[in-house]
Amino acid sequence: MGPSIELRNVGLTYGENVILQDINHSFTAGECHIVMGPNGGGKTSLLRSILGLTPFTGEIDIQWPESKGKLGYVPQKAMFEGSLPLTVMDFILLNQSSSPLFWRQSAKNKARALTQLERVGMASRADRRMGQLSGGEQQRVLFAQALLDDPQLLVLDEPTTGMDEQGVRYLESLIHELVADNRTILAVHHDVTAVRRLDGHVHVVNRSVIDNGSVAEVLVPEKIERLFNHYTAASSTTESNNKKEVA
Ligand SMILES: Nc1ncnc2c1ncn2[C@@H]1O[C@H](COP(=O)(O)OP(=O)(O)OP(=O)(O)O)[C@@H](O)[C@H]1O
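Here goes a summary of the coordinates provided. Because the structure is a prediction, the values reported are computed rather than measured.

**A few points about unusual backbone geometry**
Its identity is not glycine, yet Asp22 carries a phi of approximately 45°, on the positive side. The residue Asp22 is located in strand E2 (residues 17-27) in this model. Asp22 gets classed as exposed once you look at its relative accessible area, which sits at 57%. The backbone of Glu158 sits at a positive phi, close to 50°, despite the residue not being glycine. You can see Glu158 is positioned in the loop between strand E6 (153-157) and helix H5 (165-180).

As C-alpha cells, this is what we get:
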C-alpha cells in the first residue's frame, strides 16, 4: 500500500516571488492523484517540495502505512551528458549499484532492468546510447528506472511529454496497474483528455490548491476555462508571474 501525503501551511518563495502559499491539503493513500493548473502555477515546485528537493515552509508529512517504503520519481526531463557513451542499460543501473559503471553489472540487476524496460516497450533499445534516443523514448527509460525499486509512491512530472501515442498508452496502463495494486501516484499532467482516461483525483494548483475532486467534478468545461485562465487574471503582482503571463 502506498502512503498518504499531508501538507500543513506549506509555502514556498523564490526571492520575493511567492510560488506556493498556505497549502493545507492531503493526498489519500493508494490512489492516482493528478496535479493540474496553469503554467508557472507551482505544480513542479509542489512536487519538488514533497520530494524534499527544494526548501519550503510548513510541514509535509508522508505517512507510510507500515514501514517506510520506496519512492520513484520521474522528472520532466532526463538529465545526462548527451555525448557520454552511456547506454540505456547503463543509465537504468546508475542508481542500482555502488560499484562503478565500467565494472561488470550483476546479471540479476540487468535482468531486473530488462523487465522494467519491457514494461515500457524499450527492451529492444537497451544497448542504444541514451543520447541517441528521442525525448519520448528517454521519458520511457526514466519511467522504467523509477519502477526498478518497486516504489510504493510514484511521483511523475509531466510523464508523457514528447511521447507518441504508443508510449502514452504504455504509461497509462502501467499507472492503472500500479493503482490497482494500491500504490500512490502523484502526477503533474496537462492533457485534459489523457487525465480523463486516467480517471484519478484531480488537484488544481495555482499558488495554492484552488480546486480538487474527481475528473467528473473538476474537468467540466466551465471550470477548465476558469481554472486555466485564473492565473492570468489573478497574478499581475509579481515579477515572475508577469514573466510567465508573457510566455
Ligand atoms: N529555482 C527557481 N528559482 C526561481 N524561481 C523559480 C525556480 N523554480 C521555479 N521558479 C518559478 O516558480 C514558478 C512556478 O514554477 P513551477 O515550475 O513550479 O510551475 P509549474 O506549474 O510546474 O509550471 P509549468 O506548467 O510551466 O511546468 C515559476 O514562475 C518559476 O519561474
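**Some thoughts on the pattern of salt bridges**
All told, the structure shown has ten salt bridges when counted by the stated rule. Between Arg125 and Glu137 there is a salt bridge whose closest N-O contact spans 2.8 Å. Of this pair, Arg125 sits in the loop between helix H3 (107-119) and helix H4 (135-147) while Glu137 is found in helix H4, placing the two residues twelve residues apart along the sequence. Overall, Arg125 belongs to the partly exposed group, its relative accessible area being 25%. A relative accessible area of 16% means that Glu137 is categorised as buried. With a closest N to O distance of 3.3 Å, Arg140 and Asp164 form a salt bridge. Of the two residues, Arg140 sits in helix H4 while Asp164 sits in the loop between E6 and H5, which places them 24 residues apart along the sequence. Take Asp164: its relative accessible area is 43%, and that puts it in the partly exposed class.

Conventions we followed
- Residues numbered from 1 in each chain as written.
- Predicted model: local features only at pLDDT ≥ 70, side-chain atom pairs only at ≥ 80, totals over all residues.
- Heavy atoms only, no water.
- Helix = DSSP H or I, 4+ residues; strand = E, 2+ residues; numbered from the N terminus.
- Buried < 20%, exposed > 50% of the residue type's maximum accessible area, 1.4 Å probe, protein only.
- Salt bridge = Lys/Arg side-chain N within 4 Å of Asp/Glu carboxyl O.

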